[in-house]
Amino acid sequence: MINCLLCDQPISTKESFSNIFSFSKSQARTCQVCKAQFEKIGQKHCPSCYKYDEDKECEDCLHWRKQGLPADHLALFQYNQAMASYFSRYKFFGDYALRKVFASELKLMGKEWKDWQLVPIPLSQKSLEERGFNQVEALLEEAGLSYYNLLEKKETVKQSSLSRKERLETQQPFCLISETVPAEKILLIDDIYTTGQTIQHARKILLKAGAKTVKSFSIAR
Ligand SMILES: [Zn+2]
Ligand SMILES: [Zn+2]
């Protein structure tokens, strides 16, 4: 008998047994009540970034299109209350065990994108030291997916200490670790997609370095 990682209630053997034969082929880590709190993004979503309940391209994506780099993102779940509290426990309280919650979904994603090089969005050295792990890498490792670290996050000045003008001219927060990009097709992986700012910075730098196509993926949007 194992307990749900989110509510600590025991997961019934029937539940975990049926899970063995479902698509995930792995032991359930969360009970069905908790898992049901996460809402999958349905058919109705922005075609460019998966923002849910959008019929056509959303405001954020129109912005990126105007900037000359249209978003090309997909996400699995809506960023709802359950997702917010999951990420707060996982990232800010550093509950490393929670990397297991989405392992089966990520495993499936990895199968669909097997010809693509997965590249996680990095943390700054400071955040990495504070948290003790990169939450995206931990998710991928738990799902048994290999990835390539191509990017490094520069230490950035706190936004609040910048002038308004400086804040508007958001600087490129990433640099490349290797001089060349070893894959033509790259899928950037992040945990949460908000406006797309972070992902777009990363895409820009990889495309400039020679990647042919750079798409992106996140657990939540
Ligand atoms: Zn639960
Ligand atoms: Zn969009």
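Up top you'll find the structure we're talking about.
Residues numbered from 1 in each chain as written. Chains lettered and ligands numbered in written order. Predicted model: local features only at pLDDT ≥ 70, side-chain atom pairs only at ≥ 80, totals over all residues. Heavy atoms only, no water.

(A) Structural context of the overall build of the chain. The secondary structure content of the chain amounts to nine helices and six strands. Every one of the 221 residues in the chain was classed for burial, and the buried ones make up 43%. When contacts within the chain are restricted to residue pairs at least 6 apart in sequence, long-range pairs at least 24 apart make up 72% of them. (Helix = DSSP H or I, 4+ residues; strand = E, 2+ residues; numbered from the N terminus. Buried < 20%, exposed > 50% of the residue type's maximum accessible area, 1.4 Å probe, protein only. Contact = heavy atoms within 4.5 Å.)

(B) Quick look at unusual backbone geometry. Backbone geometry at Asp8 places phi at a positive 65 degrees, although glycine is not the residue there. By secondary structure assignment, the location of Asp8 is in the segment before helix H1 (13–20). Judged by relative accessible area, which is 53%, Asp8 ranks as exposed. With a phi angle near 70 degrees, Tyr50 is a residue other than glycine that sits in the positive phi range. When its relative accessible area of 24% is taken as the criterion, Tyr50 is described as partly exposed.

(C) Focus on the sheet that holds strand E5 (residues 185–192). An order of E1-E6-E5-E2 is seen for the four strands of this open sheet, with the pairing classed as parallel. The sheet is open, and its two edges are formed by strand E1 (73–77) and strand E2 (117–120), each paired on a single side. Sheet twist, expressed as the mean angle between neighbouring strand axes with direction ignored, is 25 degrees. Of the pairings in the sheet, the one linking E5 to strand E6 (residues 213–220) comprises seven bridges and is parallel in character. Within E6, the residue paired with Leu188 across the bridge is Ser216. (Pairing = 2+ DSSP bridges. Axes fitted to C-alpha atoms, helices over the stretch in contact; angles between N-to-C directions.)

(D) The coordination of the zinc ion (ligand 2), seen in detail. Bound to the zinc ion (ligand 2) are the protein donor atoms Cys46 (SG), Cys49 (SG), Cys58 (SG) and Cys61 (SG), situated 2.3 Å from the metal. The coordination sphere of the zinc ion (ligand 2) comprises four donor atoms, whose angles at the metal cover 104 to 121 degrees; the geometry is tetrahedral. Mapping the donors of the zinc ion (ligand 2) onto the primary sequence yields the spacing C-x2-C-x8-C-x2-C. In this structure, Cys46 and Cys49 share a single accessibility class: buried. (Donors = N, O, S within 2.8 Å, 3.2 Å for Na, K, Ca; no water. Tetrahedral: all angles 85-135°; square planar, octahedral: opposite > 155°, others 65-115°.)

(E) Expanded view of the packing of aromatic side chains. Evaluated as defined, the whole model comprises ten aromatic pairs. Centroid distance Tyr86 to Phe102: 5.1 Å. Interplanar angle 85 degrees. Geometry classified as edge-to-face. Placement of Tyr86 in helix H4 (residues 81–92) and of Phe102 in the loop between H4 and helix H5 (103–112) is noted, with a sequence separation of 16 residues between them. Note on Phe102: relative accessible area 0%, which makes it buried. Consider the rings of Tyr90 and Phe133, whose centres lie 5.4 Å apart with planes at 35 degrees: the pair is tilted. Remark: Phe133 occurs in the loop between helix H6 (125–131) and helix H7 (135–142) and Tyr90 occurs in helix H4; sequence separation between them is 43 residues. In this structure Phe133 comes out as buried when scored by relative accessible area, which is 9%. Chaining the aromatic ring pairs together yields one cluster made of Phe38, Phe77, Tyr86, Phe87, Tyr90, Tyr96, Phe102 and Phe133. The ring of Tyr96 is capped by Arg99, whose NZ or CZ atom sits 4.0 Å from the centre of that ring. (Phe/Tyr/Trp six-rings, centres within 6.5 Å; stacked < 30°, edge-to-face > 60°. Lys NZ or Arg CZ within 6 Å of the ring centre and 35° of its normal.)

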